[in-house]
Amino acid sequence: MNVKERILQLNQQHTNKSINIDEVLLTIVTKFQLFEPCSYLSEDEEWLNIVMVSLEDNNLSQALSIKKSEITAFGIFNREEIELNLAPQKGSEDLYQ
C-alpha cells in the first residue's frame, strides 16, 4: 500500500481538488495508537515516516516510523473542525470513574 498515493487519490475523489502532500496534516490510526496531526515525510514498502506537528505553534516535533502493516486508518486532518469543549457533558460521569 502506498499511503501517499492513496491519500492524494481519496482527496481527489471526495473534493475534486488536487493537494500537495507536504501542505496537509494527516491523521494516522494504528492498532495501538492515534497519530494526529502529523506530516508525511516518506515511505518504503514496510514503513511510513511522519513527523508530529504542534497545533499551537506549528512546530515540528519528533519524527516517527510506523509499520504499515499496523495502520488501520489514515486521512487528512481537518483543523477547521476542532472544537474544544472542556465543560463536563451530562451523562459522562462514567468516563471519569
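Just above sits the structure.
Residues numbered from 1 in each chain as written. Predicted model: local features only at pLDDT ≥ 70, side-chain atom pairs only at ≥ 80, totals over all residues. Heavy atoms only, no water.

K.L.:
Which residues make up the overall build of the protein, and what values go with them?
P.N.:
Within the protein, the secondary structure is distributed over 1 helix and 5 strands. Reading the secondary structure of the protein in the N-to-C direction produces α-β-β-β-β-β. For the protein, buried positions account for 28% of its 97 residues. Counted over contacts in the protein with a minimum sequence separation of 6, partners at least 24 positions apart contribute 40%. In the form shown here, the protein has an accessible surface area of approximately 7,300 Å², with 48% of it arising from carbon and sulfur atoms. (Helix = DSSP H or I, 4+ residues; strand = E, 2+ residues; numbered from the N terminus. Buried < 20%, exposed > 50% of the residue type's maximum accessible area, 1.4 Å probe, protein only. Contact = heavy atoms within 4.5 Å. Areas by Shrake-Rupley, 256 points an atom, 1.4 Å probe, with all protein chains shown as cover.)

K.L.:
Run through the side chain of glutamate 43, naming residues and quoting values.
P.N.:
For glutamate 43, the position within the fold is in strand β2 (residues 34-43). Engagement of the side chain of glutamate 43 in a polar contact is seen with the backbone nitrogen of valine 3, the distance being 2.9 Å. A distance of 2.9 Å separates a polar atom in the side chain of glutamate 43 from the backbone nitrogen of lysine 4. Setting aside residues no more than four positions away along its own chain, glutamate 43 makes contact with Met1, Asn2, Val3, Lys4, Leu48, Asn49 and Lys68. (Polar contact = N/O pair within 3.5 Å; in protein donor to acceptor, adjacent residues only side chain to side chain.)

K.L.:
Lay out the pattern of salt bridges with the relevant residues and their values.
P.N.:
Applying the stated criterion across every chain, the model contains 2 salt bridges. Residue glutamate 43 is joined to lysine 68 by a salt bridge in which the shortest nitrogen-to-oxygen separation is 2.5 Å. Placement of glutamate 43 in strand β2 and of lysine 68 in the loop between β4 (60-67) and β5 (71-76) is noted, with a sequence separation of 25 residues between them. Here the two residues glutamate 43 and lysine 68 agree in accessibility, since each one is buried. (Salt bridge = Lys/Arg side-chain N within 4 Å of Asp/Glu carboxyl O.)

K.L.:
Outline helix α1 (residues 3-15), supporting the account with residue identities and numerical values.
P.N.:
In this model α1 runs 18 Å from its N-terminal to its C-terminal C-alpha over 13 residues, within 8% of the 18 Å that 1.5 Å per residue would give. Every buried residue of α1 is listed here: Val3, Ile7 and Asn11. The arc that holds the buried residues of α1, viewed along the axis, is 70°, so those residues lie on one side. Packing partners of the buried residues in α1 comprise β1 (26-30), β2, β3 (47-53) and β5. (Expected span 1.5 Å × (residues − 1). Arc of directions from axis to C-beta.)

K.L.:
How would you sum up the sheet that holds β3? Please name residues and give values.
P.N.:
Within the open sheet, the 5 strands sit side by side as β4-β3-β2-β1-β5. Their pairing is antiparallel. In this open sheet, the two edge strands, each paired with only one partner strand, are β4 and β5. On average, each strand axis in the sheet is inclined to that of its neighbour by 40°, with strand direction left out of account. For β3 and β4, the ladder comprises 6 bridges, and the chain directions are antiparallel. Counterpart to tryptophan 47 in the pairing with β4 is lysine 67. Packing against the sheet, α1 makes contact with β1, β2, β3 and β5, and its axis sits at approximately 50° to β5. (Pairing = 2+ DSSP bridges. Axes fitted to C-alpha atoms, helices over the stretch in contact; angles between N-to-C directions.)

Nothing here speaks to function; it is all geometry.
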